[in-house]
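# Architecture and fold: a report
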Amino acid sequence: MKGGTVLMWMVLRALPERAPFTLLFNATEEGGCADFPVLARREAAGARACLVYEPGFPAADGARTVATRRKGSARFRARVAGREAHSGHAHASGANAVRELARVIERLESMTDPARDVTVNVGVVRGGTMVNVVPGEAEALVDLRAWNAADYDAGRAAVLALAGAGTVTSRDGRHGCTVTIDEEPGYPPWPENEGSERLRALAFECGAALGQKLAAPPRAGGSDGCHLWDLAPTLDGLGPIGRNPHCSVHAPEQGREQESVERSSFVPRALLSVELIRRLS
């Protein structure tokens, strides 16, 4: 992400000062943000094009990628409220929130549908306070991904429908668990569309003129381009070429390589943007 910011600076230095641009910066890397989409859509209204500087990636035959289509990513926080109790002398009066959350997690993960390439991932789980206490609270952070609006909306509805009375009760039958599902900021699907396809074709022409081979496979990661594609032709992945996104560990013996960027890609990618913007102008 920092590489994309550097590349934007390089492009701006190479363009005439009179060229009209609005630059938007968002520090929440695929984390969702409530106010940025509103700001971005307001500023992008009437734009000739939206260019997004997420990283590109190596592709087959020496090509480097850009993106014109992305999966939607919906985010949720699943909370369970049970009843805390001492695990020894008062175990029968405790309603175990962690146990209830485990059941919710099983239902969430079962929503993954490989046939439609819909995925539901529980990425963070928290619960309880002490080993000798029946946990009264637990929560999980959930990520849902889908390519099209129909699957995205159906998945959202299915996740939200898990809210309500739980199935775990205290052994004495006096207390139960309650499940709450809160939807958090996410990224709507960015489907194939005519505007992005025109911009991709223009970028490919620019790449060919510069001796750069480009590819545009669909991307499954969320991007702020998901908030903009319906306002103006949008092209993503214009940043420098990177590898192993989100991996902070260098452990080759485990098959894990740390996130990195190709230093040699900055100048060619900057030239690609300069040529693209020149033709758009």
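Quick note: structure is the one above.
## Here's the deal with the overall build of the protein chain
Of the regular secondary structure elements, the protein chain holds six helices and 13 strands. Taken along the three principal axes of its C-alpha coordinates, the protein chain extends 75 × 45 × 35 Å. Residue burial in the protein chain is summarised as follows: out of 281 residues, 42% are buried. Across the protein chain, every contact between residues at least 6 apart in sequence was considered, and the portion connecting residues at least 24 apart equals 76%. Per element, the accessible surface of the protein chain, about 14,800 Å² overall, is 53% carbon and sulfur.

## Comments concerning the pattern of salt bridges
Counted according to the given criterion, the structure contains 23 salt bridges. The closest approach of N and O atoms between Asp182 and Arg79, which form a salt bridge, is 2.4 Å. A residue pair is termed long-range when its members are at least 10 positions apart, and Asp182 in strand S9 (residues 176-187) and Arg79 in strand S3 (residues 72-81) qualify at 103 residues. When its relative accessible area of 36% is taken as the criterion, Arg79 is described as partly exposed. Several salt bridges converge on common partners, so that one network encompasses Arg77, Arg79, Arg126, Glu139, Asp182 and Glu184.

## Section: the pairing of S3
The buried count for S3 comes to eight of ten residues, which makes it a mostly enclosed element. Pairing analysis gives ten bridges linking S3 to strand S7 (residues 137-146), with the strands arranged antiparallel. Bridging across to S7, Ala78 finds its partner in Ala140. As judged from the eight bridges shared by S3 and S9, these two strands associate in the antiparallel manner. Across the sheet, Ala78 pairs through a bridge with Ile181, a residue of S9.

## What to know about unusual backbone geometry
Trans is the common state for peptide bonds, and a negative phi is the common state for residues other than glycine. At Asn244, a residue that is not glycine, the phi angle is positive and equals roughly 55°. Within the secondary structure, Asn244 is located in the loop between strand S12 (242-243) and strand S13 (260-261). Even without glycine at this site, His246 takes up a positive phi of about 70°. Looking at the secondary structure, you find His246 in the loop between S12 and S13.

## Digging into helix H3 (residues 97-109)
Spanning 13 residues, H3 covers 18 Å between terminal C-alpha atoms, matching the ideal 18 Å at 1.5 Å per step. Along H3, the positions that sit buried rather than exposed are Ala97, Glu100, Leu101, Val104, Ile105 and Leu108. End-on view of H3: buried residues confined to an arc of 145°, all on one side of the axis. Turning to H3, the residues buried within the fold contact S3, strand S5 (119-127), S7, helix H4 (149-160), strand S8 (164-169) and S9. Where H3 begins, one side-chain oxygen reaches toward the backbone nitrogen of Val98, 2.9 Å away; that side chain belongs to Asn96.

Parameters and conventions
Residues numbered from 1 in each chain as written. Predicted model: local features only at pLDDT ≥ 70, side-chain atom pairs only at ≥ 80, totals over all residues. Heavy atoms only, no water. Helix = DSSP H or I, 4+ residues; strand = E, 2+ residues; numbered from the N terminus. Buried < 20%, exposed > 50% of the residue type's maximum accessible area, 1.4 Å probe, protein only. Contact = heavy atoms within 4.5 Å. Areas by Shrake-Rupley, 256 points an atom, 1.4 Å probe, with all protein chains shown as cover. Salt bridge = Lys/Arg side-chain N within 4 Å of Asp/Glu carboxyl O. Pairing = 2+ DSSP bridges. Expected span 1.5 Å × (residues − 1). Arc of directions from axis to C-beta. Polar contact = N/O pair within 3.5 Å; in protein donor to acceptor, adjacent residues only side chain to side chain.

No statement about biological role is implied by the geometric values presented.
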